[in-house]
Amino acid sequence: MKKLFILILILLILGFLIPSVSFGAIAIDAFTGSNEATATSLTFSHTATTTANRILFVGTSGDVTNDTITGVTYAGTAMTLIDKNVVSGGRMIYLWMLVNPASGANNVVVTSNASVLIRAKSASYTGAKQTGQPDAQVKRVDDTNQTAHTISVTTIADNSWMFMVGQNKGSSAVVAGTNATQRDGTAQDYGIFDTNADQTPAGSKSMQFTWTTAQPSVGIMASFAPVAEVAATAPTMQIIWWD
């Protein structure tokens, strides 16, 4: 026997491809800072990119204790309320979401059932999964006097980002804490934040916002998953010839 075997690795076989799934990267698109009015509605403009797989979040702050904000639209499309939360004696906060928002400059309209101080901030992202959002969500109230508020959530999808709206009971300006990037550009007692990075592996993840004067606080957080990208790859095959 001159030769026991010859091992050939065939890296590409025409017409026989196997799909593989990876996950695209989420990225910040645009954000809009403080918008407020004492009225039954608040309107402001947010500009979203034309890049595919968009998602839009709006964080709103309403009346003291009373649940008055009834809805938010973007470009005339109703946004989904993820959750609302309030600390005793503080203003009610809300977190809203819209998958695949219209591109370009469009109006965000916040509606209230009474004339109250309405405040709203928005942020849009690309690379987000277009179904099954949010990935996970949680809210937290801290009735004690503190200078930081931390929220933890268990993400489901690997490489998700997290978005948070947070507020303290007083007038001390909030800023980003651990694993948070502020996205409103204004110093107020409430703000919107994201992780500005993929959260991997999936599991328990936290975000934090801080302020200077100790007081109670409240927050809502949601994770959102990246879009899956399907690519075609060729299999590896081993062929053995025997003499």
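Residues numbered from 1 in each chain as written. Predicted model: local features only at pLDDT ≥ 70, side-chain atom pairs only at ≥ 80, totals over all residues. Heavy atoms only, no water.

Visitor: Sorry if this is basic, but what is going on with the overall build of the protein here?
Guide: When helices and strands are counted, the protein shows zero helices and 17 strands. For the protein, the proportion of its 243 residues judged to be buried stands at 44%. Taking the contacts inside the protein whose residues are at least 6 apart along the sequence as the reference set, 82% of them involve residues at least 24 apart. Total accessible area on the protein is roughly 11000 Å²; 54% of this is exposed by carbon and sulfur atoms. (Helix = DSSP H or I, 4+ residues; strand = E, 2+ residues; numbered from the N terminus. Buried < 20%, exposed > 50% of the residue type's maximum accessible area, 1.4 Å probe, protein only. Contact = heavy atoms within 4.5 Å. Areas by Shrake-Rupley, 256 points an atom, 1.4 Å probe, with all protein chains shown as cover.)

Visitor: Explain the pattern of salt bridges to me, please; I cannot follow it from the model alone.
Guide: Where side chains of opposite charge bring their charged atoms close, a pairing between them can arise. With the rule as written, the count across this model stands at six salt bridges. Across the pair Asp184 and Lys121 runs a salt bridge, and its minimum N-O distance is 3.5 Å. In this pair, Asp184 sits in the loop between strand S13 (181-182) and strand S14 (190-194) while Lys121 sits in strand S9 (residues 104-126), placing the two residues 63 residues apart along the sequence. Lys121 matches Asp184 in its accessibility class, with the two residues each being buried. The partner of Arg183 in a salt bridge is Asp194, with the nearest N and O atoms 2.6 Å apart. With Arg183 in the loop between S13 and S14 and Asp194 in strand S14, this pair connects stretches of sequence that are 11 residues apart. Side by side, Arg183 and Asp194 carry an identical accessibility label, which is buried. (Salt bridge = Lys/Arg side-chain N within 4 Å of Asp/Glu carboxyl O.)

Visitor: It is not clear to me how the pairing of strand S15 (residues 204-224) should be interpreted in this structure. Could you clarify?
Guide: Along any regular strand, the residues point their side chains to alternate faces of the sheet. For S15, the buried fraction is high: 16 of the 21 residues fall into the buried class. Of the pairings in the sheet, the one linking strand S10 (residues 136-154) to S15 comprises 15 bridges and is antiparallel in character. Along S15, the bridge assignment pairs Asp142 with Ser217. The pairing of strand S11 (residues 161-168) with S15 spans eight bridges and is antiparallel. When the sheet's bridge partners are listed, Asn168 is paired in S15 with Ser217. Direction of pairing for strand S12 (residues 175-176) relative to S15: antiparallel, over a ladder of two bridges. The residue bridging Ala176 from the neighbouring strand is Phe209, located in S15. (Pairing = 2+ DSSP bridges.)

Visitor: How should I be thinking about the side chain of Gln133 in this particular structure?
Guide: As for its placement among the helices and strands, Gln133 is situated in the loop between S9 and S10. Gln133 sits in the buried class, given a relative accessible area of 12%. Side-chain polar atoms of Gln133 contact the backbone oxygen of Ala225, separated by 2.9 Å. The contacts of Gln133, once residues within four sequence positions are left out, are Ile55, Met97, Val99, Ala128, Ser223, Phe224 and Ala225. (Polar contact = N/O pair within 3.5 Å; in protein donor to acceptor, adjacent residues only side chain to side chain.)

Visitor: Could you clarify how one ought to interpret the pairing of S11 in this entry?
Guide: For S11, the tally of buried residues reaches eight of eight residues, placing the bulk of the element in the interior. Relative to S14, S11 runs antiparallel, the two sharing five bridges. Its bridge partner being in S14, Gly166 is matched across the sheet by Gly191.

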